[in-house]
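These are the residues of each chain, in order.
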Amino acid sequence: MSRTDYSDFLCPIKFCCGKLALETLPAELRVYNARKPLILFSNKAVINGLIDPVKQAFDDSEMVAGIYDGVPESPTLSTIRELSDIYIKNGHDALIAVGSGSVMNLAKVLNIVVSGEPGDLKTCQGEDKITKPLNPFFVVPEASATGLMANGSACIDNFSFTSRYLIPDYLAIDPRIVQQETVGVIIDAAMRALSSSSFAYTLPDTDYFIDPYAYLAIQTICENLIPVIENADSKKGFKDYLIMNDTEKGKMALVTASVIGGFISFCQPAGIVMRLSEALSEYCQLSSGILAGLLLPYGLEYAMLKEGYQTEKLLLALAGPDVYSRTPENERGKSAMGILRDIQDKLFHLTDGYIPRTLAGAGISENQFSEMIERMSQNDEGIDSKGCLSILNHAREGRPVSDI
Amino acid sequence: MYLPEYCEFLSPVQIASGHHVLEKIPGFLKALNAKRPLILADKGVTAAGLIGIVEDAIKDNVQIGAIDDDVPPDSDLKVVSRLSDVYRKNNCDAIIAVGGGSVLDTAKGLNILVSEDADNLMEFAGANKLKRPLKPFIAIPTTAGTGSELTMAAVIADHDNFIKILFGSRFLLPDIAIIDSRMTLTLPAFFTAATAMDAMTHAVESYICLQKNPLSDAHALSAISLISKNLLNVIRKPDDQEGRLLLAKAATLAGMAFSNSTVGIVHTLGHSVGGVCGVPHGTCMSIFLPYGLEYNYHLVNPFIAELLFPLAGPEVYADTPENKRAEKTIEYIRQLNQDLHDATGGRHARFLSEILNRDGEQMVKKSHFDAIARISIGDGTKFYNPEEIDYDDSMLVLEASWDGRPLNRNLVKKNA
Amino acid sequence: MGEYKTYRPKRKILKWLYLYVFMWFTGRAIKIAAKVDDEVKKEFDSIPNNFNVALEVLPYGPALVVGKTEDGKVQYLGSSTKDKKIDLRMIVHNIENAMQLFTFQESTAISFMRNRLYLDGEIPYAAAFVRVFDAVEVYLLPKIIAKLAVKRYPAWSLIRKLSGRVKIYLRAGIGV
Ligand SMILES: [Fe+2]
C-alpha cells in the first residue's frame, strides 16, 4: 500500500555524529558567516562537566565565544530578557545550546527574539507565524536528550510557538558529551523515540520520506539499548582511547535515535501510545517515555486491528532481513510484538524491576483508568475511549490485544 | 548495523510529492515571500508539454515573471548571464527550474548571480564561497534519476576557456523539490529504464562507498526496494501513474542518500565515458553497476550481500545461503539489465559495445579506452570508492564491460 | 540565574609545532620525490607549469605549499600561503582534524569522507596531488603505518622503496 496522493516532508537539521564532532562547530558557524556564538549550558550540563570540552572545541579557532552557564530548569520571560540583552550587547550572531530539555526550549524562544524585533514573541505565537529563517541555532545534546530539541515547538510562560524555523540547523553528537547519564534517563529517551518511530514506520499509508528515519531509529534502539544498559558502568580501557568502543558508539547512536524520534513526532500526530503514556505518568512515579515503552506493543496491536497499521513491517526494522525473511508472512506482526515484549522483559531484569513489565507492576490500579480516560477525552475529542480502556486493561495484565 | 566513528547527514530540501503537487506551488511561493517566479526549462521539456502543465497548474494563482526554455544541454556562463538579464528585466523574485541536470545547474548558477547581485559568476566558483541563503528556488525534476535537485554542487561550463567550473555550497540547494507524477508520465521506456538505473546506482553506490552512514543507508535501502518493485512494471505499463510516482520518490530517496555519502567507480567511469563518447549518463550507470560491485567485492562484500534483500525480496533472500548473497546481488542486477533490454526492444544497452547512437553507430570504441581511463583517475568520485582506482584498474573494468563478461575478481589489484 | 563569561580561544602550540615540522619535512620530501621517483614525476607532469598547491590548516596554519615554476621545476614554497598565488587548496577545517590526518589515525581518503578537509580548485589536479602525497608517505613511513595512511598500499619492489626512502630522508632532512 502506498500514500497515493500528497505528501510533504522536510528535515532541515544537519546531523553530525561521532569523534571530534564538537570541533566541527567553528567550521560550521563559518558556513553561516557567524563569528561569535553564545553558548548556553543547563545547570545539569555544568554539573556534568560539559563546559570544558565544548569551549575547548573553539581553541585555535578565530572565534570568541560567549558562555552562559546555568540556565535554570524552568526559565521564564525574564530569563529570555536577560539573555537577549547579553546576546545583543556583546554582538553575538549564533546560539549553541548544550544539554537537554529546558535549555533547548529556552534557546528556541531566545532565537526568535534576537533574530527579529523585541516585540516578536507576541506576533510569532501559535503555528507557523514565523516567516523567515532565524539566526544560526546549533544544539549539542546530552544522553538524556529527548526529541524536544529536534522539533519545531517551544513554549515559555504562556507563549507557545510552532514553526519549521525553530528546528535547529546543526546537531553535534559527541562521545565526550553523551557519557554521564543514569539508566532510567537513557531508557526513557529511547522508549519515547521507539514509540513515535514505530507508529510512523507502520502507518497504513507508508510515508516514504519519514520511513528511513523511523527505520533507523527503531533499528538503532533495538540493537543498542540493551547492550548499552548492560555496559552502563563499565570503565574505559586503554585501547578505548584509541578506537571508539561499541558502548560509546551505541550511546551516540541512541542519542541520534532519540533526536530522530523527536523529529518524527513533530512530523506526525502523536500516536495513541504517546497520548496514553503522557496521561498515565500523572498517576505514577514513572516517566512517560518508560510508560510508552510498556504500552507500545498493546497500542500497536490495537492500531493494527483498528486502523490497519502495518505491524509486520516492524519486524524488519526490529530484527533485520534474516529473521524477517525466515518468518512466514502471517506471523511477522506477532513476532515483532514478541520482540518488543522481550526488550521490556530484559529491561525489567537489568534494572531489578525498576522498569515494569505490566501496568499492574507499575502500581497503577484498574479503577484509575476510567477517570484518566475521562480527563483525556475532555481535552482531545478524537479519542476512542473504549479502545484506550482496552489497551490499558491488556497492558495491566500483560495480555496481547487480539480483538477489539 | 554499520556504525561509523564519525558521520554527517544533511538533506534540507523540502520534498512535496504526489499526483497534483504543481498546483501547490503558488502557496509555496507565498510562504517563501515570493511573487514573480522566472520559470526555466529546456526545449525538450517544452516539447514534452511539461511547461504547459506547470503553467496551467499555477498561472491562476501566481504572476509568472517570465518563462525561458532556452537552456541548452551543456549550459555555460553566457547562458547564465543572459538569464540573469531576463530575471532582472522582468522583476522576478524567485526561480522555478523544470528539467534535468543541466537546467538545475543553470538555475543554481543563476540564483548566485541574482541573489548576490553580481555579474561575474567566477567570483563564487569553488567550495563554500556563499555565506547566506539565496533567492527562493523551486526545482521540478523531470527525469526521476539524476537527483541534482538534492546535491549541493553545480557544474557550469566556460566554453571560451574550455573548462568546467564547479560550485559547491549548501545554499545552492533548492528550497523545495516538487515530485509530481505528471512530470515523468510521458518519459519513453528506454529513457525511464536508464534514469531509474541511475537512481539505482546512486542508492547502491552510496551503500557500499566509504562515506556511507546509517541515515544514508536507510534511504538507500528504501530507494532500491522501490525501484526494484516498480521499474519493470512501469516499463511494461508506461501510464501507471502510481508506479511512476513511486519511481520518482525512489530517485529522490537515492538522491538524499548519495548527496550525503557520494558515489564511486561506477560514476567515475560513467562520467568519463559520458565525457569522451557522449553516452547518456543513465546508460553508463546500468552497464557499469555490476562491475562496480565486482571491483570492490573483496572490501565490501558483506554490504553487497545486504542489498539482496531490497533488490530481490524476502523469498530470494531467505533461499540464498549467506555466503552466496553478494554474488546473487550482482547476478540479480545483471538480470535486471537483461530484462530491461528485452522490455525495451533492445534499446537498453547491457555492455559498452552495444551502445548505439541515433544512426545506429557504435558510440564507444576500444580506441576510446585510453582517454577514458586517463580522465577517470582525475574524477572526484574516485576518492569515495572503497578501492583505489588507477589507470590500469580503469582499463581492467573497461575491457570486461566491452562485451559483458563478468569481471575476473582475481585480477583486481589489492592492498599489498 | 546563570553567569556570563567570554571565552578567548587558546592556541594549541604543541600541536601546531608538530604539524609545522611534519609538513615542512613532507613538503621538502615531495620536492625530492619528484626527482627520484618516476611515478611522482609523472604526476607532476600532469600539473601545468606555474601552478601552486597548498595544503592548509584553518585558521592559523601551518600550510604546506608546493608548486611548479614557469620552467616546470618542482619547488617547496614554505609553510605559509601568505602573499602566494595558490591555484589549488586542500583545506583542513581545524587543527584537531589535521592531527588525525598527520598522526595517521585517519587516512587522506577517510579525512575526505568525514569532511575533515575540503578541496578548492580543479579536481583532476587534486587527485594527482593526493597520489603524490600517498607515494611520499609510502616512502617515508614504515609499512604498518603507511597502510593506515593510504587507501591501497602499492606493490613496489623492495629496492624502489628502500633506495627512494634513503634518498628522500637524507636530502629532505639534511640536504645531502
Ligand atoms: Fe548518477
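Parameters at a glance
Residues numbered from 1 in each chain as written. Chains lettered and ligands numbered in written order. Predicted model: local features only at pLDDT ≥ 70, side-chain atom pairs only at ≥ 80, totals over all residues. Heavy atoms only, no water. Helix = DSSP H or I, 4+ residues; strand = E, 2+ residues; numbered from the N terminus. Rg over C-alpha atoms; globule rule 2.2 N^0.38 Å. Buried < 20%, exposed > 50% of the residue type's maximum accessible area, 1.4 Å probe, protein only. Contact = heavy atoms within 4.5 Å. Areas by Shrake-Rupley, 256 points an atom, 1.4 Å probe, with all protein chains shown as cover. Buried area = accessible area lost by both parts, 1.4 Å probe. Salt bridge = Lys/Arg side-chain N within 4 Å of Asp/Glu carboxyl O. Nonpolar A, V, L, I, M, F, W, Y, C, P; charged D, E, K, R; others polar. Domains from an automatic or database assignment. Polar contact = N/O pair within 3.5 Å; in protein donor to acceptor, adjacent residues only side chain to side chain. Donors = N, O, S within 2.8 Å, 3.2 Å for Na, K, Ca; no water. Tetrahedral: all angles 85-135°; square planar, octahedral: opposite > 155°, others 65-115°.

Attention shifts here to the overall build of chain B. Along its length, chain B carries 15 helices and nine strands. For chain B, whose C-alpha radius of gyration is 21 Å, the value lies close to the compact-globule estimate of 22 Å for 416 residues. Projecting the C-alpha coordinates of chain B onto the three principal axes gives extents of approximately 60 × 50 × 45 Å. Each of the 416 residues in chain B was classed as buried or not, and the buried ones make up 65%. For chain B, the proportion of contacts with a sequence separation of at least 24, taken over those separated by at least 6, is 77%. Here chain B has roughly 14800 Å² of accessible surface; of this, 51% comes from carbon and sulfur atoms.

Let's shift gears to the interface of chain C and chain A. In this complex, chain C contributes 25 residues to the contact, which on the side of chain A involves 28 residues. Buried surface at the junction of chain C and chain A, summed over both partners, amounts to about 2300 Å²; 51% is from carbon and sulfur atoms. For the pair chain C and chain A, the number of links is two salt bridges. Where Asp60 of chain A meets Arg11 of chain C, a salt bridge forms, and the shortest distance between an N and an O atom there is 2.7 Å. Looking at the side of chain C that touches chain A, the elements that each hand over two or more residues are β1 (3-7) and α3 (95-102) of chain C. Its residues placed into classes, the side of chain C that touches chain A shows eight nonpolar, seven polar and 10 charged.

Here we take up the domain arrangement of chain B. Often, the extent of an interface is quoted as the loss of accessible area on bringing the components together. Residues and elements named next belong to chain B. Parsing chain B into structural domains produces domain 1 (14-183) and domain 2 (189-411). Put simply, the middle of domain 1 and the middle of domain 2, counted by C-alpha atoms, are 28 Å apart. Listed as interface residues are 15 residues of domain 1 and, on the opposing side, 17 residues of domain 2. Contact with domain 2 buries area across many residues of domain 1, yet His19, Ala144 and Leu150 alone supply 33% of it, more than any other trio. Our count for the domain 1 to domain 2 interface comes out at zero salt bridges. Scanning the region where domain 1 abuts domain 2 turns up four residue pairs in polar contact (both at pLDDT 80 or more). Top contributing element to the side of domain 1 that touches domain 2 by residue count: strand β1 (residues 6-18), with three residues. Among the residues making up the side of domain 1 that touches domain 2, the classes are represented as four nonpolar, nine polar and two charged.

The next subject is the coordination of the iron ion. Residue and element names in this part refer to chain B. Bound to the iron ion are the protein donor atoms Asp198 (OD), His202 (NE2), His267 (NE2) and His281 (NE2), situated 2.1 to 2.2 Å from the metal. The site at the iron ion holds four donor atoms, and with the angles between them running 83 to 165°, its shape is irregular. Donor residues binding the iron ion come from one chain and are separated in sequence as D-x3-H-x64-H-x13-H. Placement of Asp198 in helix α6 (residues 189-208) and of His267 in helix α9 (residues 265-277) is noted, with a sequence separation of 69 residues between them. Accessibility assignment for this pair places Asp198 and His267 in one class, buried.

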